[in-house]
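Observations on the model geometry
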Amino acid sequence: MKTINFFFGTAFITVLAFIIFACGIGENNTTVAETNTYFTIKNESSFALDSVVWNGTDFGSIASGSYSKKAVVAGDGFIHFYIKSKELNARTCDFFHIEQQDDIVQSLADKITAIEKLSNVNSEQCYPLSTIEKAQAPKTGKVNITDISNASANINSMVENAGNPKYIEKGVCYSKEFDDVNFNCKIVEGTEFKMSLEELTENQKYFVRAYIDNGQHQRQYSDISSFIAGNPESSSNNVSEENSSSSSNGDCKLAPLTTEATADGTVLKGASLASKLSWLGRNAVSHNTYIIEACTDESVNPYTFYYSGAVDITVILRGDGANRTLKLNSNNSMFTVKENVTLILDRNITIQGHSQNDKCLVYGDGGILKMNDFATIKDNDNCGVYLNGGTFTMTGGTILGNRASGVYLSSGTFAMSGGTISSNSASKGGGVNAQYGTFKMTGGTISSNRASEGGGVYSSSHAFAMQGGTITGNTASSYGGGVYGNISKTGGTITGYNSDQANGNKVADASGTIARRGHSVYYSASLRKESTAGENDDLSSSNKIGAWDNE
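All of the points below concern the structure found in this document.

Reading the values: the criteria
- Residues numbered from 1 in each chain as written.
- Predicted model: local features only at pLDDT ≥ 70, side-chain atom pairs only at ≥ 80, totals over all residues.
- Heavy atoms only, no water.
- Helix = DSSP H or I, 4+ residues; strand = E, 2+ residues; numbered from the N terminus.
- Buried < 20%, exposed > 50% of the residue type's maximum accessible area, 1.4 Å probe, protein only.
- Contact = heavy atoms within 4.5 Å.
- Areas by Shrake-Rupley, 256 points an atom, 1.4 Å probe, with all protein chains shown as cover.
- Disulfide = S-S within 2.5 Å.
- 1 Å grid on protein atoms, 1.4 Å probe; cavity = no way out; pocket = protein on both sides within 12 Å on 5 of 7 lines; lining within 4 Å.
- Points joined across faces, edges and corners; volume = space filled by probe spheres on them.
- Nonpolar A, V, L, I, M, F, W, Y, C, P; charged D, E, K, R; others polar.
- Pairing = 2+ DSSP bridges.
- Axes fitted to C-alpha atoms, helices over the stretch in contact; angles between N-to-C directions.
- Polar contact = N/O pair within 3.5 Å; in protein donor to acceptor, adjacent residues only side chain to side chain.

1. Some words on the overall build of the protein
Within the protein, the secondary structure is distributed over two helices and 51 strands. Residues counted as buried form 51% of the 551 residues belonging to the protein. In the protein, the share of contacts with a sequence separation of at least 24, taken over all contacts with a separation of at least 6, comes to 62%. When the accessible surface of the protein is totalled, it reaches about 24,100 Å², and 44% of it is carbon and sulfur.

2. Focus: the state of the cysteines
Taken as a whole and judged by the stated rule, the model has two disulfides. One disulfide bridge connects Cys173 with Cys185, the sulfur atoms lying 2.0 Å from each other. Here Cys173 and Cys185 share a disulfide; its torsion about the S-S bond, 100 degrees, makes the bridge right-handed. Taken as a pair, Cys173 in strand β15 (residues 169-175) and Cys185 in strand β16 (residues 185-187) lie far apart in primary sequence, twelve residues in all. Across the disulfide, Cys360 is cross-linked to Cys383 (sulfur-sulfur distance 1.8 Å). For the disulfide bridge between Cys360 and Cys383, the dihedral angle about the S-S bond is near 115 degrees, and by the sign convention the bridge is right-handed.

3. Focus: the layout of surface pockets
Of the pockets and cavities examined, the largest pocket occupies roughly 620 Å³. Looking at the largest pocket, it is lined by 30 residues, and the ones nearest its centre are Lys176, Thr201, Ser272, Ala274 and Ser275. Elements represented by at least two residues in the lining of the largest pocket include exactly β15, α2 (273-283) and β25 (298-300). Element by element, the count of residues in the lining of the largest pocket is highest for α2, at six residues. A class-by-class count of the residues in the lining of the largest pocket yields nine nonpolar, eleven polar and ten charged.

4. With respect to the environment of Asp213
Examined against the element boundaries, Asp213 turns out to sit in strand β18 (residues 205-213). Expressed as a C-alpha distance, the spacing of Asp213 and Ile168, which sit 45 residues apart in the sequence, is 6.1 Å. Those residues in contact with Asp213, other than ones at most four positions away along the chain, are Pro138, Tyr167, Ile168, Glu169 and Arg219.

5. Considerations on the sheet that holds strand β13 (residues 153-156)
Read from one edge of the open sheet, three strands run β12-β13-β17, paired in antiparallel fashion. The two strands at the open ends of the sheet, each matched to only one other strand, are β12 (144-146) and β17 (194-197). Taken pair by pair, the neighbouring strands of this sheet meet at an average axis angle of 25 degrees, ignoring direction. Sheet analysis places β13 next to β17, joined by four bridges and oriented antiparallel. Of the residues in β17, the one forming a bridge with Ile155 is Met195.

6. Structural notes on the pairing of β18
Two faces make up the sheet, and in a regular strand the side chains alternate between them. In terms of residue burial, β18 counts as a mostly covered element, since nine of its nine residues are buried. Side-chain alternation along β18 places Lys205, Phe207, Arg209, Tyr211 and Asp213 on one buried face and Tyr206, Val208, Ala210 and Ile212 on a second face that is also buried. Taken together, the seven bridges between β15 and β18 define a ladder with antiparallel strand orientation. Bridge pairing in β18 links Glu169 to Asp213. When β18 meets strand β20 (residues 225-228), the two strands line up antiparallel, connected through four bridges.

7. Focus: the side chain of Asn424
When you line up the elements, Asn424 lands in the loop between β38 (420-422) and β39 (432-434). A polar contact is formed between the side chain of Asn424 and the backbone oxygen of Ile399, at a distance of 3.1 Å. Separated by 2.9 Å, the side chain of Asn424 and the backbone nitrogen of Asn402 make a polar contact. Apart from residues lying up to four places away in sequence, Asn424 is in contact with Ile399, Leu400, Gly401, Asn402, Ser405, Gly406, Gly430, Ser448, Asn449 and Arg450.

Here's what the structure looks like:
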């Protein structure tokens, strides 16, 4: 078997197979070129290697300066010889000495292009680094963005340098966030370097860059470019972190996402709500609170608050400095709250549905939903909140203008101690339809809602316990202007038309005819309340006791 002699100064190494080495012919240190360099040698034979003393060199898995013998086993892989940008030890130079004949030299030329098509190399000959074609990372050109529409854009780039070894993959990376642009990458197939991005969000800013990869940890990216979907003039090259927030429309949601740790939780600012929710999906940690600040009005896709493997996650959603409206842009629940998650709708935030939505706007599915002052859920063509297990606690805010009850209770617990449920409508329970589960009211107001039965509240299965608050100004076309069904009232006020014709709850058909079918409360023909049930007027439909009247 042929051999190659491998020298480092006075050190001598015999290698079975083939290799390249530095020869010591100079006394002074010599600096390697500034660019870090890879040389690749095919590992086709077994050999042992020791006495590696070349500073700044990592040969295979043997570290610089190591004197431990290392066995290298034959295989189909390659050994990478890495020269860092450091000075070499004394008695080394920028020459490589290659000792071998014909086929071995040709193999080297094939694998690392160290010497092109040279043969009959003798042991006395050295070749300067300047004559060696070093391994090179591939390089891609800048990104050009064309044909920008509301929902798509075409991305074009070019291969400036195929690299050595040649690249094996090219692609495009894009994101709504500057910091995430390296993570959402797609391979570009074929010979052309073109890709069409689809299903974009109108008026959303996107960051884009091309990449090229030779499969040897030498992926190279282009500079970052940006554009705004729907704005053909928005394309910009060489975007930096400092100017990544700038946009043609000055929209704050196009700013980069920032996080700040506070005593109340981790605050997420800037960027779009979708970007913040995406960040949360990647980074949510058990037993932590995250405060999402909406900085502008936005259209929002349906989102489920659920984080696999994490528990006790609290998300607080609020407006940044002023009221912000989040409008649902498709048919579904805007937010679904699963178990192990608490969603708090806090100050300055409005959740808005639309006239053709077939789902309730917020869906509590085993998690915890809380609603505070200056939060609003409104204008949905189905119910505002649907509770299917878990809890909904309303201490403030407003639920209004929804057209299948303000709150629909299928199971779980709805606790209302503040806020207003107003101007909603349904066939049953314009304000609250408590089919199952538990509805406990200790404060707040249910007013100006409409239904066939239970203008303010529809209650079955003994679901409704009233200990405070006010139910007033609601209308039913058949029964129970204020409340229809089971009730246990030990506090609060339910007004009645017979006592207050200006503001009392009432039963009135489509023609406006006032019917005596429980203006205040209706449980049955013999158990109804037409006048106001005040703070001290207890009512119990289960025990059939209290201040009922049939006036």
